[in-house]
Amino acid sequence: MARWCYRHRLVVLLLWVGALFGLGVSASSAGTNYAEVFSLPDTDSKRAIDLMEKAFPERAGDTDTVVWKVDEGSVRDDSVRSRIEPALAEIGRMEGVGDVTDPYGEQGAAQISEDGRTAYAQVTFAEQADAVPKELVQDVVDTAQDAARDGLQVELGGQAITRVQEPPTGTAELVGILAAAVVLFVAFGSLFAMLLPIVVAVFGVGTGMFGTQLLSHVTNVPELATLLSTLIGLGVGIDYALFIVTRHRRGILRGADPEEAAVTALNTSGRAVLFAGGTVCIALAGMLVTNLRFLDGVVIGTTLTVVLSVLAAVTLLPALLGLLGHRVLSRRQRRRLAAQGPETEAVSGLAARWSAGVQRRPRSVAVLAVVLMAALAVPLLSLRLGTVDQGNDEASMTTRKAYDLLAEGFGPGFNGPLQVVVDGEASDDLVTVLEKTEGVAQVAAVPPANGVSVIQVVPTTSPQDAETDRLIDTLREDVIPGAGVEAHVGGVTAVSKDFATVTGERLPLFIGTIIGLGFLLLLLAFRSLVVPLTAAVMNLLAAAASFGVLVMIFQWGYGLDLLGLGKEGPIASFLPIIMLSLLFGLSMDYQVFLVSRMHEEWVHTRDNARAVRVGLAETSRVINSAALIMVCVFLAFVLSGDYGAAMAGVGLAAAVALDAFILRTALVPAVMHLLGKSNWWLPAGLEKRLPHLAVEPKEEAVAAEQGPARHEGPSSVVHGFVRTADGEPVEGAALTLLTSGGRQLDRVVSLADGSYIVSVPAPGTYLLAATATPLGSRAAHVTVTDGPLVHDVELVPGEVDAVN
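Residues numbered from 1 in each chain as written. Predicted model: local features only at pLDDT ≥ 70, side-chain atom pairs only at ≥ 80, totals over all residues. Heavy atoms only, no water.

(A) Local environment of the sheet that holds strand E13 (residues 744–749). Spatially, E13-E12-E15-E16 is the arrangement adopted by the 4 strands of the open sheet, whose pairing is antiparallel. A single partner strand is all that each edge strand has here, and the edge strands are E13 and strand E16 (777–784). Each neighbouring strand pair of the sheet contributes to a mean axis angle of 20 degrees, computed without reference to strand direction. Pairing between strand E12 (residues 734–739) and E13: 5 bridges, direction antiparallel. (Pairing = 2+ DSSP bridges. Helix = DSSP H or I, 4+ residues; strand = E, 2+ residues; numbered from the N terminus. Axes fitted to C-alpha atoms, helices over the stretch in contact; angles between N-to-C directions.)

Written out as structure tokens, the structure reads:
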């Protein structure tokens, strides 16, 4: 498939351009039909909502609030009323505004604070917040705030008002792409190579978003799905293309024809991309086991975007590589390739030195990594799930100011009132006992409507306060049953509490499902019990540490001002499930890319130390570059204007950084060095029963037998000495003779004088690998003709000379 896409590059490019523009035009014509389906079946708050809909079916529109406060005097003064009443009247006449409740009317006394300095009016729109035109919302904001003057502050709050405070759509995505471009340019040193991953990601995310928009017309898809699809699509799209382009460039630098380099890159890194993309989709699908139906649309949107990003990486990318040819290299690399010929296959530099250092001190590296991750995970013990509301907005926003004015004038619980809903007429005894309950500031009974009574209960504490959660439990478990009536506690605060409870109950099942599925996939891919077990433990460690970082920043408030975000509060209830899905999927990506290279080396040499060292040396740089890109993309969502999106972005950025920079490039290889050959253990009975799912391609028969099969003749030997750079003999060095395809033929250990001798079955070209601890390793091709071949080996400390 890679070769076909490479040779028919114009056809492939036109198909992708046609798909992107076709879906874009179709989606624009159809519009959006996102459904904010939020249902918590079998909860007390859901039963309260059902009764409220029965009582007040006409209250379908979003209700927002206009709040004003005077520095001196009273809001009842004529000088204040003469400015506020005309503004409210003008808002009420706007098309799309259903009703405006005026505190200056007969029923409005409760809308003025006890000290008379703060008042509010409620503006009910004809539509829900997401459907209200932004132009109308902006007119309401401008009209209300035009009434302000010195000594009279006017602010607005509510879901519709929030929409006009958000930065322009696409700001976060654009910043994320620009940051990724900088990282890619530094990594590649080539403008064309930098553009490749970005173009692939844009096509994957674009088709995914337009496809999700079309699907919103046939199934329930929340608007949150588009944000998360963009978040995950940009990250994996750029990363997957980065892995393939890196392998392709390496092939060209080592002398391969661009077409063969592209085919090899897709047949190795491309296979790993397919496998990694599958693990991400499985992790996302794990959200379905929570039985939270509003997440179904999120799964659909994000999974579709990941699938299309993978498809773009394995079809569109080889076509683009065909268009560029050698221009995928920088000018300096092209000049050096022309002047000096292909590069050697030695791995050197910081990556090789780090890999050798981990091999020398695996225990120290493992202990340091575990201590650091454990320290970051400690704040997780104080994790509290809850709601994110406008009290968390940045202090300069009008929604935050309105929230604070209402809390100051009417009490902190006013921003999150509870509704006690009774199917029938509420008794006076119930109202009385509610008024006497500790933690209740105010009780107001609404006249029965359609056979349903509603009693509004204002707590003394804010919606995000733990005391408010305890009050809800007290009302449900003690107060209402004690009054001898059947009633249900609803309201936004009660719904949030129930959601946090349901999420906490179902989280263990969710985590167990995605870890179990990931374990099975890695078991099939790497034919090992230890590798997937290690990956599962590392994933849990990364999750714990990343949530610890979230608690420190968003719950304890460390660094919120630096990030330009609002006030600290509980962690959003929806975040653990969504964040864990993305985290487990992305961390499996890095595990697959790292261990697949180690496994490839293990299959060829059966030397665990060499396999881990070479695998880390060859993949750590690209994994770290990929992780840095992910961190940039995720952190850019701090600019989205959405506190919940910023929380998800910071959490995922921390998770990816810890996973890549500490776990995959330090703790995982250190543990694998300590475990030795046990890494690749699989019971013989299980080996026979498991189906084969290879991440690496099978070796071609010709390549596997290259050398002896081509040259018939008598057996011979390769012999010589193993010495250091100073000429000192190396005793105990392991020397392995392999076919060029990687099949082991002979293995010996050098003697006290450094001498060795390996048997050669027939004339041909072979691979001779030498390794010694604490020295480095070296591998080279040797060509044997009719007689013995003398080949001396020099080993240098810290050097890793890997032949792929």
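(B) Here's a closer look at the packing of helix H13 (residues 350–360) against helix H23 (residues 643–675). The N-to-C vectors of H13 and H23 enclose an angle of 45 degrees; their axes lie 9 Å apart at closest approach. As the angle between them shows, H13 and H23 are arranged oblique. Pair H13 / H23 crosses with right-handed handedness. Facing H13, whose interface residues are Trp354, Val358 and Gln359, H23 presents Thr665, Ala666, Pro669, Ala670 and His673. A per-class count over the contact of H13 with H23 returns 5 nonpolar, 3 polar and no charged. (Parallel < 35°, antiparallel > 145°, perpendicular 65-115°, else oblique. Left-handed = near helix turned anticlockwise from the far one by under 90°. Contact = heavy atoms within 4.5 Å. Nonpolar A, V, L, I, M, F, W, Y, C, P; charged D, E, K, R; others polar.)

(C) A look at the pattern of salt bridges. A full pass over the atoms with the stated rule returns 13 salt bridges. A salt bridge links Arg250 to Glu618; its shortest N-O distance comes to 3.6 Å. A residue pair is termed long-range when its members are at least 10 positions apart, and Arg250 in helix H9 (residues 224–253) and Glu618 in helix H22 (residues 608–635) qualify at 368 residues. Neither Arg250 nor Glu618 differs from the other in exposure class; each is buried. Several salt bridges converge on common partners, so that one network encompasses Arg3, Arg7, Glu259 and Glu260. (Salt bridge = Lys/Arg side-chain N within 4 Å of Asp/Glu carboxyl O. Buried < 20%, exposed > 50% of the residue type's maximum accessible area, 1.4 Å probe, protein only.)

(D) Here's a closer look at helix H5 (residues 134–145). The end-to-end C-alpha distance of H5, which contains 12 residues, comes to 16 Å, matching closely the 16 Å that a straight helix rising 1.5 Å per residue would cover. For H5, the full list of buried residues reads Leu136, Val137, Val140, Val141, Thr143 and Ala144. Lining the buried residues of H5 we find strand E1 (63–70), helix H4 (78–93), strand E2 (97–101), strand E3 (118–125), strand E4 (152–157) and helix H6 (159–163). (Expected span 1.5 Å × (residues − 1).)

(E) Layout of the sheet that holds E3. The strand order across the open sheet formed by 4 strands is E2-E3-E1-E4, and the pairing between neighbours is antiparallel. Edge strands, defined here as strands with exactly one partner in the open sheet, are E2 and E4. Direction aside, neighbouring strands of the sheet carry axes that sit 20 degrees apart on average. The pairing of E2 with E3 spans 4 bridges and is antiparallel. The partner of Val100 across the bridge, within E3, is Val123.

(F) Representation of a negative patch on the surface in the model. Side chains of Glu90, Glu135, Asp139, Asp142 and Asp146 sit close together on the surface and give a patch of like negative charge. No other element matches H5, which puts 3 residues into the negative patch. Residue class for Asp146 comes out exposed when judged on its relative accessible area of 60%. (Patch = residues over 30% accessible without salt bridge, like charges linked within 9 Å, V, L, I, M, F, W, Y side chains within 5 Å. Areas by Shrake-Rupley, 256 points an atom, 1.4 Å probe, with all protein chains shown as cover. Lys, Arg positive; Asp, Glu negative; His and termini not counted. Charge placed at Lys NZ, Arg CZ, Asp CG, Glu CD.)

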